[in-house]
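Now for the letters of each chain:
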Amino acid sequence: LAKMSGGGSTLLGYIGIDTIIEQMRKKTMKAGFDFNIMVVGNSGLGKSTLVNTLFKSQVSRRSAGWARDEKIPKTIEIKAVSHVLEEGGVKMKLTVVDTPGFGDQINNDNCWEPISKYINEQYEKFLKEEVNITRKKRIPDTRVHCCIYFITPTGHSLRSLDIEFMKRLSHSVNIIPVIAKSDTMTIEERLEFKQRVRKELEMGGIEVYPQKEFDEDMEDKSDNDKIREAMPFAVVGSDKEYQVNGKRVLGRKTAWGIVEVENPNHCEFAQLRDFLIRSHLQDLKEVTHNIHYETYRAKRLNENGGLHPITCNDTQESNL
Amino acid sequence: MAVQTQQKNLEGYVGFASLPNQVYRKSVKRGFEFTLMVVGESGLGKSTLINSLFLTDLYSGEYPGPSHRIKKTVQVEQSKVLIKEGGVQLLLTIVDTPGFGDAVDNSNCWQPIIDHIDSKFEDYLNSESRVNRRQMPDSRIHCCLYFIAPSGHGLKPLDIEFMKRLHEKVNVIPLIAKADTLTPEECQQFKKQIMREIQEHKIKIYEFPETDDEEENRLVKKIKDKLPLAVVGSNTIIEVNSKRVRGRQYPWGVAEVENGDHCDFTILRDMLIRTHMQDLKDVTNNVHYENYRSRKLAAVTYNGVDNNRAKGQLSTKSPMAQMEEERREHVTKMKKMEMEMEQVFEMKVKEKVQKLKDSEAELQRRHEQMKKNLEAQHRELEEKRRVFEDERANWETQQRLEQQKVEASRTLEKNKKKGKIF
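Source: prediction; values computed, not measured.

Counting its regular elements, chain A contains nine helices and nine strands. A burial count over chain A gives 48% of its 320 residues as buried. Contacts spanning at least 24 positions in sequence make up 69% of the contacts within chain A whose residues lie at least 6 apart.

Here's what the structure looks like:
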């Protein structure tokens, strides 16, 4: 007989509480889940290639029909492309939001505004659905769970545009900075550059994901500290395969060697992938939902006293 | 009337074939000047490339390059270095442009650069128009290396704007920076894309001249096919296959700077220093400088009628008259100086004259006083003399009287004696 008490009590037999994990797993597998990732950076930094490499399929906008040497657009556009990926019985609806034209103009003032607007629009959509009287069973989640910001590998420091963007958006979305095209730098240059970027982020008060304030317990903290020490990840993307030592690997072939994408000695792509997909995917979604979305919701409900029109109409309808 | 030049054969050895040697010796003695400008966003490896090209540490630990110093606005900085090789001296000036393209809003970031180039042209124009032209230092920009970021896509709007504005002012040589980012296929595609865009926007980059020499032509054609040159810079020496080469060490290999298969650095170096340096200077002098000059002077003569009173940069006269004016200016300046000096001189003279007059008057006074004294003395003396004379006269008369008396008494005595006789 199990006793119900406030503190932990020893069980006298096997009940089966732990099967709840299995039940959750089955449900999640059937329902599938959404993941929205946004990539931001100057054109030519390999954003689309990286996303393709991350998800091992042609999911970027490029593959959806746009040519490689398309002209740089005059204003920033937001292009979202969705795919459904399946692995091990788990379905994931992956949406990649691309931002061509970011930082490419001569005058880049306020180029972060269209992006900020898009993010807030997604929050707004979700909020409207939530506030509805008759809610859908599963609200379609188009909120941006993660924004990968691509840093140009100058080898010196962050550019003013980088700092401006990250400052403004780190409070509304999870930002993960990565150093793009890191095969430009030797190992020493890379270490130096990373140190300098970390220092500049600290000086600017920019909190990138994983944020220190949301560490729940010691275990989380130590894990995340390790990751924070290694950020920003220096990555190389590629969707071409080459033969190295009898193995087929993804890489880039230059005249002096082959850069292996998944070799931890060459670049930190594997680390980024593990971090992003294999360990922190759910956490990203949770932080977006519990913190960023809640902040937006609180702000929204505090101004103008909230969203009246929808609730009024529905009440009248239901009364009739 | 055109003079007909005939070609004649020489019957013996005259010796003017040694003319090139004389020119060579003179130029070696004089030394050469070359000014190179590097433009590009920060972090594209400009300083490293300059160090690699000239095998000197122009930017080193003690004098860090502009990239290590954060700039808020676009600056134009010059550094000079004197390089000697094989008895030939080269005064190399590197003009760097830190801050270019680094701000969030980069509109008109090319303006300081254009102003700098124009100011160098203007200096040269002024020194050419001077009457005394013995020293004419040539600080005009002979070549501008423009660094394109290796995005792999094409030119950025900033690149296009910049090159459009500068291709008529200076020899623009576009380079693909940090070329070890690109694989050979990506590089080829990128180059083609860039050349396409350059032609589309009608940008006139520096063109290598055709020569009569067949072999040189082949080299030139090879270079033309590889434009824009994709370069990698490095000054660290690494051992590869027991050979010491300059390169960048990666975990997957070493990118050698001087290997023609890895990047186009050797082509750039040869072209810039070994074969086309003089041609760059010539094109700057004959084409860009002449363009600037005719534009400037045409503006002058066009505005001559309207802005008679315009002062400042535009003068209102033709070059000959400008020279005259210069000379007149010079002369008036000299006159003014002369006048000033004369004034000063006069003042001094007046002072002196006054002083002298004063002293003269003083002397005169003293002189008069002395004269008076003298006269007084003189009178005194005269008095004394008169008195003395009077006395003397008295004494003499007395003496005479006495003598008369004595004589009288004597004669009496005589008479007495005589009388006795009687």
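Here helix α4 (residues 160-169) of chain A has its buried residues at A:Leu161, A:Asp162, A:Phe165, A:Met166 and A:Leu169. Relative to the axis of α4(A), the buried residues are bounded by an arc of 120° and lie together on one face.

Attention now moves to the pattern of salt bridges. Residue and element names in this part refer to chain A. Across all of its chains, the model carries 37 salt bridges over all chains by this definition. The salt bridge involving Lys-128 is made with Glu-124; its shortest N-O contact spans 3.3 Å. In this pair, Lys-128 and Glu-124 both sit in helix α3 (residues 113-131), four residues apart, roughly one turn of the helix. Owing to a relative accessible area of 37%, Lys-128 belongs among the partly exposed residues under this scheme.

What follows is about a negative patch on the surface. A cluster of acidic residues, A:Glu216, A:Asp217, A:Glu219, A:Asp223 and A:Glu286, forms a negative patch at the surface. Its relative accessible area of 42% is what places A:Asp217 among the partly exposed residues.

This part is about the pairing of strand β8 (residues 247-254) of chain A. Both faces of the sheet carry side chains from a regular strand, because those side chains alternate between them. Residue and element names in this part refer to chain A. With four bridges connecting them, strand β7 (residues 241-244) and β8 associate as antiparallel partners. Considered in β8, the bridge of Val-244 is made with Lys-247. The antiparallel hairpin formed by β7 and β8 contains two residues in its connecting segment, where Asn-245 sits at a positive phi of about 55°. With four bridges joining them, β8 and strand β9 (residues 257-260) adopt antiparallel strand pairing. Each bridged residue has a counterpart across the sheet, and for Lys-253 the counterpart in β9 is Ile-258. The loop that links β8 with its antiparallel partner β9 comprises two residues.

The pairing of strands in a sheet happens through backbone hydrogen bonds and is either parallel or antiparallel. All names here are of chain A. Strand order in the open sheet formed by three strands is β7-β8-β9, with antiparallel pairing between adjacent strands. Lying at the two open borders of the sheet, with one neighbouring strand each, are β7 and β9. Taken pair by pair, the neighbouring strands of this sheet meet at an average axis angle of 65°, ignoring direction.

Take the confidence of the model for chain A next. The pLDDT averaged across chain A works out to 81; a share of 87% of its residues lies at or above 70. Per-residue pLDDT stays below 50 along residues 64-69 of chain A; that stretch engages in ten contacts with residues further than four places along the chain or on separate chains.

For the structure on display, the rule yields three cavities of 30 Å³ or more. Of the voids in this model, the largest cavity is the one considered here, and its volume is about 290 Å³. A:Leu45, A:Thr152, B:Leu44, B:Ala149 and B:Pro150 are, among the 24 residues lining the largest cavity, the residues nearest its centre. In terms of residue class, the lining of the largest cavity is made up of six nonpolar, eleven polar and seven charged. Looking at the second largest cavity, it is lined by 14 residues, and the ones nearest its centre are A:Gly103, A:Asn108, A:Arg159, B:Gly101 and B:Asn106. Its residues placed into classes, the lining of the second largest cavity shows four nonpolar, five polar and five charged.

Moving on: helix α6 (residues 218-230) of chain A. Along an α-helix, residues three or four apart share an orientation, since each turn contains 3.6 residues. The end-to-end C-alpha separation of α6(A) is 19 Å, in line with the 18 Å expected for 13 residues at 1.5 Å each. Those residues of α6(A) that are buried are in contact with α5 (187-203), β6 (233-234) and α7 (269-279) of chain A.

All names here are of chain A. Within strand β5 (residues 175-179), five of the five residues are buried, which leaves the element mostly enclosed by the surrounding structure. Residues of β5 alternate between two faces, with Ile-175, Pro-177 and Ile-179 on one and Ile-176 and Val-178 on the opposite face, all of them buried. Both strand β4 (residues 146-151) and β5 contribute to a ladder of five bridges, which runs parallel. Across the sheet, Tyr-149 pairs through a bridge with Pro-177, a residue of β5. Following the chain from β4 across α4 to the adjacent parallel β5, one finds a crossover that is right-handed. As judged from the two bridges shared by β5 and β6, these two strands associate in the parallel manner. Its bridge partner lying in β6, Ile-179 is registered against Ala-234.

Taken together, A:Leu11, A:Ile15 and A:Ile17 make up a surface patch of nonpolar side chains, about 310 Å² in accessible area. Relative to the assigned elements, A:Ile17 resides in the segment before α1 (19-31).

Cis rather than trans, the peptide bond between A:Tyr209 and A:Pro210 has omega equal to -5°. Structurally, the position occupied by A:Pro210 is in the loop between α5 and α6. A positive phi angle is found at B:Asn108, which is not glycine, with a value near 65°.

Before going further, it helps to examine a positive patch on the surface. The grouping of A:Lys26, A:Lys27, A:Lys30 and A:Lys137 at the surface amounts to a positive patch. Secondary-structure assignment places A:Lys26 in helix α1.

With that settled, consider the packing of aromatic side chains. All names here are of chain B. Per the stated rule, a full pass over the model turns up 15 aromatic pairs over all chains. Residues Phe-100 and Phe-162 carry aromatic rings whose centres are separated by 5.1 Å and whose planes lie at 75° to one another, so their mutual orientation is edge-to-face. With Phe-100 in the loop between β3 (88-96) and α3 (111-129) and Phe-162 in helix α4 (residues 157-166), the pair connects residues that are 62 residues apart, well separated along the chain. Residue Phe-100 is classed as buried on the basis of its relative accessible area, which comes to 0%. With relative accessibility at 0%, the residue Phe-162 sits in the buried group. For the ring pair Phe-121 and Tyr-289, a centre distance of 5.9 Å and an interplane angle of 50° mean the geometry is tilted.

Conventions adopted
Residues numbered from 1 in each chain as written. Chains lettered and ligands numbered in written order. Predicted model: local features only at pLDDT ≥ 70, side-chain atom pairs only at ≥ 80, totals over all residues. Heavy atoms only, no water. Helix = DSSP H or I, 4+ residues; strand = E, 2+ residues; numbered from the N terminus. Buried < 20%, exposed > 50% of the residue type's maximum accessible area, 1.4 Å probe, protein only. Contact = heavy atoms within 4.5 Å. Arc of directions from axis to C-beta. Salt bridge = Lys/Arg side-chain N within 4 Å of Asp/Glu carboxyl O. Patch = residues over 30% accessible without salt bridge, like charges linked within 9 Å, V, L, I, M, F, W, Y side chains within 5 Å. Areas by Shrake-Rupley, 256 points an atom, 1.4 Å probe, with all protein chains shown as cover. Lys, Arg positive; Asp, Glu negative; His and termini not counted. Charge placed at Lys NZ, Arg CZ, Asp CG, Glu CD. Pairing = 2+ DSSP bridges. Axes fitted to C-alpha atoms, helices over the stretch in contact; angles between N-to-C directions. pLDDT = per-residue confidence, 0-100. 1 Å grid on protein atoms, 1.4 Å probe; cavity = no way out; pocket = protein on both sides within 12 Å on 5 of 7 lines; lining within 4 Å. Points joined across faces, edges and corners; volume = space filled by probe spheres on them. Nonpolar A, V, L, I, M, F, W, Y, C, P; charged D, E, K, R; others polar. Expected span 1.5 Å × (residues − 1). Right-handed = clockwise from strand over helix to strand, strands pointing away. Phe/Tyr/Trp six-rings, centres within 6.5 Å; stacked < 30°, edge-to-face > 60°.

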